[in-house]
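What the coordinates show
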Amino acid sequence: IEEVKMISQNKVNINDFIDILEMWYRDVILFKVTKDPNNLIFKDEINYIRKAASKSSYEGLENIINGCEIAKSRIKANVNFDLAIELMLLNIKEN
């Protein structure tokens, strides 16, 4: 809930925030598949990417990226902002 409050302070930049999350998890999937850090966007975060890749399954990572897309569409459809972000963060936590 604290994270949702922090994120809701920057509602204007929420699509950028979600896009960065999607790029982060794209890097996690790419590293999980190739084990090569050279193609990553967030190369300087390789230790965190390696840790996330070892904890999540391919299906879980796909669910996270899909959850980010769903959150963007919910926000665009004027669903309660805090609820949409909270559901997205819970999806990330579960996967």
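Our subject in this report is the structure included herewith. (Residues numbered from 1 in each chain as written. Predicted model: local features only at pLDDT ≥ 70, side-chain atom pairs only at ≥ 80, totals over all residues. Heavy atoms only, no water.)

Notes on the packing of helix α2 (residues 14-34) against helix α5 (residues 81-94)
Across the interface, α2 lies against α5 with an axial gap of 13 Å and an inter-helix angle of 10°. As judged from the angle between their axes, α2 and α5 are roughly parallel. Contacts between α2 and α5 involve I14, F17, I18, L21 and Y25 on the former and, on the latter, F81, I85, M88 and I92. Across the contact of α2 with α5, the residue classes break down as nine nonpolar, no polar and no charged. (Axes fitted to C-alpha atoms, helices over the stretch in contact; angles between N-to-C directions. Helix = DSSP H or I, 4+ residues; strand = E, 2+ residues; numbered from the N terminus. Parallel < 35°, antiparallel > 145°, perpendicular 65-115°, else oblique. Contact = heavy atoms within 4.5 Å. Nonpolar A, V, L, I, M, F, W, Y, C, P; charged D, E, K, R; others polar.)

Considering the packing of α2 against helix α4 (residues 58-76)
Axis angle and axis distance: for two packed helices, these are the angle between their axes and the distance between the axes, and together they describe the pair. Where α2 meets α4, the closest approach of the two axes is 10 Å, and the angle between their N-to-C directions is 165°. Taken together, the axes of α2 and α4 are roughly antiparallel relative to one another. Both α2 and α4 take part in a crossing whose hand is left-handed. Contact residues: I14, N15, I18, D19, L21, E22, Y25, R26, V28, I29, K32 and V33 in α2; Y58, L61, I64, I65, C68, E69, A71, K72 and I75 in α4. (Left-handed = near helix turned anticlockwise from the far one by under 90°.)

Quick notes on the pattern of salt bridges
Opposite charge on two side chains permits pairing when their charged atoms draw close. Here the structure, examined in full by the defined rule, presents four salt bridges. Residue E69 pairs with K72 through a salt bridge whose shortest N-O separation is 3.4 Å. Taken together, the residues E69 and K72, both in helix α4 and three residues apart, mark about one turn of the helix. A relative accessible area of 40% means that E69 is categorised as partly exposed. For K72, a relative accessible area of 17% gives the class buried. (Salt bridge = Lys/Arg side-chain N within 4 Å of Asp/Glu carboxyl O. Buried < 20%, exposed > 50% of the residue type's maximum accessible area, 1.4 Å probe, protein only.)

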